[in-house]
Amino acid sequence: MFVTGLLSYAAYNPDLAAVNDQTPDKGWLGFYLFSWPTSPSWLYRLTQGIHVTLGIVLIPVLLAKLWSVIPKLFSWPPVRSPAHALERLSLLLLVGGALFEVVTGVLNIQLHYIFPGSFYTLHYYGAWVFIGAFAVHVVLRIPRVARALRSRRLRTVLCTDTAGTVPEPLDDTGLVSPRPAPATVSRRGALAMVGAGCLALFAVTAGQSIGGWWRRTALLAPHGQEPGTGPNGFQINKTAADVGIRPADIGPDWRLTVRGPGRETVLTLDQLRRLPQTTAALPIACVEGWSTTDQDWTGVRLTDLAALVGIDGSPPDVFVESVQRGGSFGSTVLRDNQVRDARSLLALRVNGADLSPDHGHPARIIVPANPGVHNTKWVTRLTFGATG
Amino acid sequence: MKHPAGFLARYGASPLHLLLVLCSFALALYAGIRLLKGDLLGVAIWFVGAALLHDLVLLPLYTLTDRAAQALTGGRPGGADDNRAHRVPPVNYLRVPAFLSLLLLAVWYPLILRRVPGYRPATALDPDRFLGHWLLLTAGFFALSAACLLAATARGRRKAERGRHAAKP
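Below is a short write-up of the structure.

Conventions used here
- Residues numbered from 1 in each chain as written.
- Chains lettered and ligands numbered in written order.
- Predicted model: local features only at pLDDT ≥ 70, side-chain atom pairs only at ≥ 80, totals over all residues.
- Heavy atoms only, no water.
- Helix = DSSP H or I, 4+ residues; strand = E, 2+ residues; numbered from the N terminus.
- Buried < 20%, exposed > 50% of the residue type's maximum accessible area, 1.4 Å probe, protein only.
- Contact = heavy atoms within 4.5 Å.
- Areas by Shrake-Rupley, 256 points an atom, 1.4 Å probe, with all protein chains shown as cover.
- Buried area = accessible area lost by both parts, 1.4 Å probe.
- Salt bridge = Lys/Arg side-chain N within 4 Å of Asp/Glu carboxyl O.
- Polar contact = N/O pair within 3.5 Å; in protein donor to acceptor, adjacent residues only side chain to side chain.
- Nonpolar A, V, L, I, M, F, W, Y, C, P; charged D, E, K, R; others polar.
- Pairing = 2+ DSSP bridges.

Section: the overall build of chain B
At step 1: Scanning chain B from terminus to terminus reveals six helices and zero strands.
At step 2: Along its sequence from the N terminus, chain B presents helices and strands in the succession α-α-α-α-α-α.
At step 3: Scored against the burial criterion, the 169 residues of chain B give a buried share of 33%.
At step 4: Intrachain contacts of chain B at a sequence separation of at least 6 include 37% that bridge at least 24 residues.
At step 5: Here chain B has roughly 10,400 Å² of accessible surface; of this, 71% comes from carbon and sulfur atoms.

What follows is the structure, given as structure tokens:
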């Protein structure tokens with residue numbers, strides 16, 4: 001979870017420009033950042049699909065873990081030594097952090113923005129608070145885990161039914177009840193119940209990340225249905241109306257301005273259509289975990305647009321601006337490796353039809369392996385060599 | 001090695017324990033300052049509140065509900081009328097589908113209970129389908145559990161009859 005989360009942050013190229021960085025105060029927490037690649041084109045679809053789906057699937061495991069150690073919360077005396085006091089504080093960071101990450105993540109993908117602040121800030125810094133406590137807990141508990149695993153054989157546990165289930169012998173862990181009630185479920189039964197919970201969550205969620213026929217199986221996931229049919233009938237992150245796009249903004253008066261060092265050119269939609277057109281099969285993948293299978297995008301290569309303003313050979317980063325008002329992602333900066341990929345387009349058409357307003361008509365960015373919100377829609381200005 | 005033993009007695013764990021915990025606290029503080037920068041009180045309440053709400057409200061609540069279910073179903077097999085016909089304690093036929101249903105509700109409640117007014121405007125998707133899906137899934141879980149209970153009861157009865165025939169040749 002932690003690694004795929006860090007990858008998602010890197011995928012935004014936050015070190016490239018201020019507009020790309022949702023957590024500009026990160027300091028050394030961004031030490032690992034690198035240029036996000038464009039190949040394979042499904043890279044972000046994979047890493048973020050895993051991040052969100054696995055995060056949801058692991059919820060029963062987290063709940064079962066917390067259930068199994070709850071007696072420790074009420075251990076008496078509450079503090080036995082300085083070491084115990086520090087460890088309890090560390091456990092607050094561990095448990096609070098784990099639940100905080102799950103809750104903010106689960107609420108964010110359902111667009112239920114009731115948490116106190118920007119999701120990016122809370123989820124990213126929350127993860128760092130959690131991971132330190134988690135690492136310490138793992139290191140300190142490895143001997144006990146090894147002892148516990150050695151004390152029994154998995155085969156025996158899996159072959160023991162409820163009638164044969166006996167309590168743990170009383171030990172010094174504080175986890176064994178001194179007066180245990182008779183078992184109402186075997187150990188294998190408890191494991192199976194957690195597994196069934198994971199499986200149920202997987203079954204009603206994963207389809208939104210797999211896409212295609214499987215999307216309909218995501219019965220409870222936010223993007224488990226298609227918004228329509230036809231060439232433009234695939235998933236939308238934010239509709240045109242939702243981000244304040246007016247018909248006049250994307251009507252006949254719409255123009256694309258392309259700027260380079262010392263040069264500028266303004267194009268109408270018809271002029272754009274007369275430029276060489278390229279088709280690329282690329283997915284859309286959202287930070288919320290849903291994604292689509294490849295769509296056939298047709299439009300002008302970003303390298304060709306750079307050439308219009310006199311940049312031949314190796315074009316630099318590009319600052320992309322949308323006509324959208326407000327919202328966090330009205331503008332973005334794409335890195336030079338993204339601009340130079342032959343599949344990176346300013347798309348005018350998708351699956352053989354003009355883009356619909358909700359998919360960014362008249363023109364949108366589509367870059368392989370790019371997080372969805374950086375595939376800017378309703379583009380009106382491209383500034384090569386600028387970072388905001 | 002008198003010194004480490006003295007440390008152990010005073011501190012309660014090895015020096016390594018202290019170093020690791022302090023290292024993690026420093027990292028947590030570095031990230032925590034940034035986490036709390038915006039809405040200090042709000043974030044602190046959410047962070048600590050998540051743990052407290054789970055440990056002191058959610059967990060006791062589902063434990064008590066489970067106790068009630070055990071009382072309702074007679075808990076564990078072994079009663080006079082039971083005769084080990086049910087190898088699985090009857091409470092589990094209630095427990096498992098209820099757990100699955102409530103788990104799905106707990107994770108997806110904002111959509112199921114229609115708490116997200118911005119869902120349709122943003123995504124152009126139908127917000128009314130989730131409640132129906134959850135109810136049908138819940139019906140499915142309980143139906144499956146009922147089928148398992150029926151099968152187990154039938155199996156138990158056959159076994160009991162065979163046992164009687166064997167006892168009276």
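This is not the end of the story, as more comes after the structure.
A few points about the interface of chain B and chain A
The figure often quoted for interface size is the accessible area lost as the parts come together.
At step 1: In this assembly, 66 residues from chain B lie in contact with 80 residues from chain A.
At step 2: Counting each side, the surface lost to burial between chain B and chain A is near 6,300 Å², with a carbon and sulfur contribution of 74%.
At step 3: Linking chain B with chain A are one salt bridge, by the criterion used here.
At step 4: Along the contact surface separating chain B from chain A lie 18 residue pairs in polar contact (both at pLDDT 80 or more).
At step 5: Looking at the side of chain B that touches chain A, the elements that each hand over two or more residues are α1 (2–11), α2 (15–35), α3 (40–73), α4 (91–112), α5 (119–123) and α6 (129–167) of chain B.
At step 6: Element by element, the count of residues in the side of chain B that touches chain A is highest for α4 of chain B, at 14 residues.
At step 7: Taken together, the residues of the side of chain B that touches chain A sort by class into 43 nonpolar, 11 polar and 12 charged.

Observations concerning the pattern of salt bridges
Where charged atoms from two side chains of opposite charge come close, those side chains can pair.
All names here are of chain A.
At step 1: The tally for this structure, following the rule as stated, stands at 17 salt bridges over all chains.
At step 2: Taking the shortest distance from any N to any O, the salt bridge between Arg246 and Asp249 comes out at 3.8 Å.
At step 3: With relative accessibility at 14%, the residue Asp249 sits in the buried group.
At step 4: Two residues, Asp336 and Arg340, come together in a salt bridge whose shortest N-O distance is 3.6 Å. Note that Asp336 and Arg340 are positioned in helix α11 (residues 336–340) at a spacing of four residues, about one turn of the helix.
At step 5: Residue Arg340 is classed as partly exposed on the basis of its relative accessible area of 39%.
At step 6: The network of salt bridges with shared partners includes Asp270, Arg273, Arg349 and Asp354.

Digging into the pairing of strand β3 (residues 278–282) of chain A
Residues and elements named next belong to chain A.
At step 1: The alternating pattern of β3 places Thr278, Ala280 and Leu282 on a buried face and Thr279 and Ala281 on a face that is not buried.
At step 2: Two strands pair when backbone bridges link them, and β3 and strand β4 (residues 295–301) are joined in this way by five bridges, in the antiparallel orientation. By the bridge assignment for β4, Leu282 is matched with Gln295.

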